[in-house]
Amino acid sequence: MSSLHSRSLARVALLPAVSLLLIWMLVPLCMTLYYSVLDFNLLIPGENDYIGWLNYEFFLTDPAFTESFFNTILLVGGVLLITIGGGIGLAILLDQAIWGQNYVRLLVLAPFFVMPTVSALVWKNMFMNPVNGLFAHLAIFFGAEPVDFFSQFPLLSVIVIVSWQWLPFATLILLTAIQSLDREQLEAAELDSAGPWSKFVYLVVPHLSRAITAVVLIETIFLLSIFAEILVTTSGGPGYASTNITYLIYTQSLLQFDVGMASAGGIVAVIIANLVAIVLMRLIGKNLEG
Amino acid sequence: MQKTQSKIIYSVLAWSIAFLIFFPILWTVLTSFKTEAEAISSSPSLFMFDWTLVNYEDVLSRSPYFLHFTNSIIIAVGSSLIGLLIAIPAAWSMAFAQTDKTKHLLMWMLSTKMLPPVGVLIPIYLIFRDFGLLDTRLGLVIVMTLINLPIIVWMLFTYFKEIPKDILESARVDGASLGQEIVYVLMPIALPGIASTLLLNIILAWNEAFWTLILTAADSAPLTAFIASYSSPEGLFYAKLSAASAMAIAPILVMGWFSQKQLVRGLSFGAVK
Amino acid sequence: MLKKLSMLVMGAMTMTATVSAQELTIATVNNGDMITMKSLSSDFEAKHPGISLKWVTLEENILRQRVTTDVATKGGQYDIMTIGTYEVPIWGKQGWLTHLDDLGETYDTDDLLPGIKAGLTVDEKLYAAPFYGESSMVMYRKDLFEKAGLTMPKEPTWSFIAKAAAATTDKDAGVYGICLRGKAGWGENIALLTAMSNSFGARWFDENWQPQFDSKPWADTLNYYVDLLGNYGPPGASANGFNENLSLFQTGKCGMWIDATVAGAFVTNANDSEVADQVGFAMAPDNGLGKRGNWLWAWSLAIPSSSKKSEEAQKFISWATSKEYSELVAKNKGWASVPPGTRTSLYENEAYMSAAPFAQVTLDSINAADPSNPTVQPVPYVGVQFVAIPEFQGIGTAVGQQFSAALAGNMTPEAALKNAQRLTQRTMKKARYIK
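Attention in this report is confined to the structure presented alongside it. Bear in mind the structure is a predicted one, so any value in this text is a computation, not a measurement.

**Focus on the overall build of chain A**
Secondary structure summary: chain A contains 13 helices and zero strands in total. Ordering the α and β elements of chain A from the N terminus gives α-α-α-α-α-α-α-α-α-α-α-α-α. Taking the principal axes of the C-alpha coordinates as reference, chain A spans close to 80 × 80 × 30 Å. Taking the intrachain contacts of chain A between residues at least 6 apart in sequence as the baseline, contacts between residues at least 24 apart amount to 70%. For chain A, the exposed surface amounts to about 12000 Å²; the carbon and sulfur share of it is 69%. For chain A, the separation between the mean place of its 9 positive charges and that of its 18 negative charges on side chains is 16 Å.

Now the structure itself:
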């Protein structure tokens, strides 16, 4: 009686969220699919003829496409590595007994609140600029040559900036997970003369697996479409060295207001993102259950 | 003895790293009080310079900061609250009336975030134009709600799952209706999680720098547009940019700090056992 | 100081609560002259009490994106837009702009500099009013040249520039002989390189729209550029745009800087520039082939045809680009800050000419640029430092990326040119210019 009632009630409760998201997903998706097979350039008013796969072909055969694809993977992978690796380390550190633990956490949390464009601009102009930036001054102080970050290490520089933004997020989640670690288990392991490394590998890491999974999933969603940071710093260059798929769509299509090709690029990006999600879920999805 | 020694070492280490992480923000705030010439000088100093408020004056007289500020608040808080309103029933349903489709539903919701905004820019712009939503706060609230809804639902779902079913069932047995169940039983327990979800979303909506730039003009432009007007004008601008940045991130930084505990509780995603 | 600050805060808050008869929404770039226009706009509002102004100020690229999207989709968000000599020919032809025929009796369109006016006119109709115009010129340090025993001719050649750059470079002292744009972008390094290439005898496309990056003149241009800037330019040049070079020059790190004529006002301003009294000016260099390496650009105010307030909008445009406006700026900020490069009358004004040491070269440079015949060999397009086709933004930026990479040493100039040729051909094929 009550379970049937609550079953249909449950469906009704879901209705607003699901229907809204359905509309939000379907309408742009359908429009994008529609435009992707048209020859539609905003600046060239005309017939908008149907051209079939031409937009896709053009987008995919662009020599920049392969490089952007790998850059996207590198970007996501690099940031994940730094934020999770750094996050685990920081979390363990912050878990120790230290003075002013709350204030330290405050400081570590701060970068997450800063607007991506602001962080990118600050890093670009005040730190990485090879003439006026702080790193340049430090290099000269130590008698070394200032490094031109955005010309020599464009993708790495973007990875550094994005990692700085996301490190607090990862640290916080991992810290709370660590704080729920069963102390008794740890002590028992010590009694069995387990060293700090094996304690780490066999007790801490498995416990963290769920938190790590959550971090990976959320970050990946956001990292796949990094745009503002690239726009503000390297503009995708030099060449295509720091262009990811999202930025490629921008330069190849939006910059020329070629709506048809931008749509085709968008569909390609969706397919790639879904593939990545499927792979991720296969790899670590089990960790979320329970 | 051992303990104090390790406490000292860890404290030093932790504070150094925290300082390094926080440094860019500190540097920005400090630069906002320097003159432009000082800001790009080849021997920058940390505290020893002529402090001045001229950048803040310039920025305030050049742009309607408070208009942007109000817009940011309305858009961020509004979309988060509406999102919560829609998401709480959905998350309740998924957490307590779980079916085998539930996980797929969750993944599908997350997948709606996978279409990069650059790809749908023009279609959305056209829709907004036709509905008269361009440069309106309502239009932006709608967009922000929709793009963050999956995150809100997901966070609430994992937090609700921590709550033992028995509490809700006993309320039902006592004759509570669905509404009463949610409001009087679920929410008090879930309040920390709901609060931190709300806060995280306010942060995400506050910092969103794509739709807020494309769909606004003069009336509804939030702080992200305010920053965009300082990004690379002609002439020296580091100090002014710092002042503008400080003014753009200060509100959210302050709010985030005051609610840090809530944030931590909710962000843990039920990973805390 | 604090009192002033609180008054500003009060003012800012009341700004948000204004409602008035006719509201004009104006989209502008965040350049100094426009910011000045915004701050002086109370003069306009006093003269036209029924009109109030709303401003949207953005960085150039974002602004261009928004304004173009709006005008092409007839979004109607703006009544007045700041656009350049790139957009006007294209949009005027499409019928997206309102013909400016009601600018007032005292406006005097014949006073507008002919090259600038031609760049804003389509089929004999004026579609935008120039707010400020610019060309490009050489700015150099008189003291460094004296030290090296050199004199800058009024019309230098590129080989002289190379010599002078070598002679004035002193890397230990942090002085670099030449500063040039290297940042990728159709309006950044490509503007400079295209104008330069004109003086080397190169062109973007031949009469059949075939890209010409495989031609010798382009190879000469790029090799010269990479060598010059690589040997005598500052580190990180491939990321330097106008702003970065401006601060380099103002802090005394450049021997020469070839860039927009508007920089003249900045580098001679003693408040911002450490070398304000040491700056000399010369025409952009050439190779004796008949075209100099100087460009032509005018930020102008235009009205989208979807605006329903074109009458009021024309009143504002008339105010902002009139002779009286120049006098207003002169009164408030001094003659050197008057928006340059639009009217002949400005350059006949003695007060202006004596306050602005860069004025004569600016005028000569603007008059020397011819957008309808920008290159030595014939071309099917207009535009000196750009090609006035819609596809140019994308192509220009992509090619700019390649050239920037060559400067950064990530690839050889030959490879960059080959890539540029290939990607331009691809896009031109897709856009049906060539088969």
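**Brief notes about the overall build of chain C**
Helices and strands together make up the secondary structure of chain C, namely 19 helices and eleven strands. Scaling as 2.2 N^0.38, a compact globule of 435 residues should have a C-alpha radius of gyration of about 22 Å, and chain C matches this with 22 Å. The principal-axis extent of the C-alpha atoms belonging to chain C is close to 60 × 55 × 40 Å. Looking at chain C residue by residue over its 435 residues, the buried ones come to 63%. For chain C, the exposed area adds up to about 15900 Å²; of that, 49% sits on carbon and sulfur atoms. In chain C, 38 side chains carry a positive charge and 45 a negative one; their mean positions are 6 Å apart.

**Quick look at the packing of aromatic side chains**
All names here are of chain C. All chains considered together, the criterion is met by 60 aromatic pairs over all chains. Pairing Phe205 with Tyr381 gives two aromatic rings, centres 6.2 Å apart and planes at 85°, and the pair type is edge-to-face. Of this pair, Phe205 sits in the loop between α9 (189-199) and α10 (216-232) while Tyr381 sits in the loop between α17 (359-368) and α18 (392-407), placing them 176 residues apart in sequence. Phe205 gets classed as buried once you look at its relative accessible area, which sits at 0%. With a relative accessible area of 6%, Tyr381 lands in the buried category. Here the guanidinium or amino end of Arg343 rests over the ring plane of Tyr107, the centre of that ring lying 4.8 Å away.

**Some words on the sheet that holds strand β6 (residues 129-134) of chain C**
Residues and elements named next belong to chain C. Judged by pairing direction, the sheet is mixed, and its five strands sit side by side in the order β2-β1-β3-β11-β6 without closing on themselves. Whereas interior strands pair on both sides, the edge strands pair on one side only; in this sheet they are β2 (51-58) and β6. With strand direction ignored, the average angle separating the axes of adjacent strands in the sheet is 15°. Pairing analysis gives eight bridges linking strand β1 (residues 22-29) to β2, with the strands arranged parallel. In the strand pairing of β2, Gln22 is matched with Ile51. On top of the sheet, helix α2 (residues 32-39) reaches β1, β2, β3 (80-83), β6 and β11 (297-302); it is set at about 140° to β6, its chief contact.

**Some words on the nonpolar core**
Within the largest apolar cluster, 336 residues are counted, with the highest numbers of intra-cluster contacts made by Phe160(B), Trp211(B), Trp91(C), Trp204(C), Tyr225(C), Phe316(C) and Phe403(C). No other element matches the 16 residues that helix α8 (residues 154-179) of chain A contributes to this core. Split by domain, this core shows at least three residues from each of two domains, domain 1 (1-25) and domain 2 (36-288) of chain A.

**Observations concerning the layout of surface pockets**
Empty space within the second largest pocket amounts to approximately 950 Å³. The wall of the second largest pocket is formed by 41 residues, among which Phe222(A), Ser225(A), Lys113(B), Pro117(B) and Glu208(B) lie closest to the centre. When contributions to the lining of the second largest pocket are tallied by element, the ones reaching two or more residues are α1 (2-36), α8, α10 (196-223), α11 (228-232) and α13 (259-284) of chain A together with α6 (117-130), α7 (137-160) and α9 (178-207) of chain B. Grouping the constituent residues of the lining of the second largest pocket by class yields 30 nonpolar, eight polar and three charged.

**Re the side chain of Asp33(C)**
Residue position: Asp33(C) is located in helix α2. Ignoring anything within four residues of it in the chain, the contact list for Asp33(C) reads Phe131(C), Tyr132(C), Tyr325(C), Ser337(C), Pro339(C) and Pro340(C).

**A few points about the environment of Ala17(A)**
Residue position: Ala17(A) is located in helix α1. You can call Ala17(A) buried: its relative accessible area is 0%.

**Description of the sheet that holds strand β10 (residues 279-283) of chain C**
Residue and element names in this part refer to chain C. Strands sit in the order β8-β9-β7-β10 across an open sheet of four strands; the sheet is mixed. Only two strands of the sheet have a single partner each, and these edge strands are β8 (176-179) and β10. Strand-to-strand, the axes of this sheet are offset by a mean angle of 20°, without reference to chain direction. Note that strand β7 (residues 136-141) and β10 share five bridges and pair antiparallel. Residue pairing across strands places Val138 opposite Ala282, the latter belonging to β10. Strands β7, β8, β9 (254-260) and β10 of the sheet are contacted by helix α11 (residues 242-250), whose axis makes an angle of about 145° with β9. Here α17 sits on the sheet in contact with β7 and β10, set at roughly 20° to β10.

Here is what the cut-offs are and how they apply
Residues numbered from 1 in each chain as written. Chains lettered and ligands numbered in written order. Predicted model: local features only at pLDDT ≥ 70, side-chain atom pairs only at ≥ 80, totals over all residues. Heavy atoms only, no water. Helix = DSSP H or I, 4+ residues; strand = E, 2+ residues; numbered from the N terminus. Contact = heavy atoms within 4.5 Å. Areas by Shrake-Rupley, 256 points an atom, 1.4 Å probe, with all protein chains shown as cover. Lys, Arg positive; Asp, Glu negative; His and termini not counted. Charge placed at Lys NZ, Arg CZ, Asp CG, Glu CD. Rg over C-alpha atoms; globule rule 2.2 N^0.38 Å. Buried < 20%, exposed > 50% of the residue type's maximum accessible area, 1.4 Å probe, protein only. Phe/Tyr/Trp six-rings, centres within 6.5 Å; stacked < 30°, edge-to-face > 60°. Lys NZ or Arg CZ within 6 Å of the ring centre and 35° of its normal. Pairing = 2+ DSSP bridges. Axes fitted to C-alpha atoms, helices over the stretch in contact; angles between N-to-C directions. Core = buried A, V, L, I, M, F, W, Y, C linked by side-chain atoms within 4.5 Å. Domains from an automatic or database assignment. 1 Å grid on protein atoms, 1.4 Å probe; cavity = no way out; pocket = protein on both sides within 12 Å on 5 of 7 lines; lining within 4 Å. Points joined across faces, edges and corners; volume = space filled by probe spheres on them. Nonpolar A, V, L, I, M, F, W, Y, C, P; charged D, E, K, R; others polar.

Any link to function would need more than the numbers given here.
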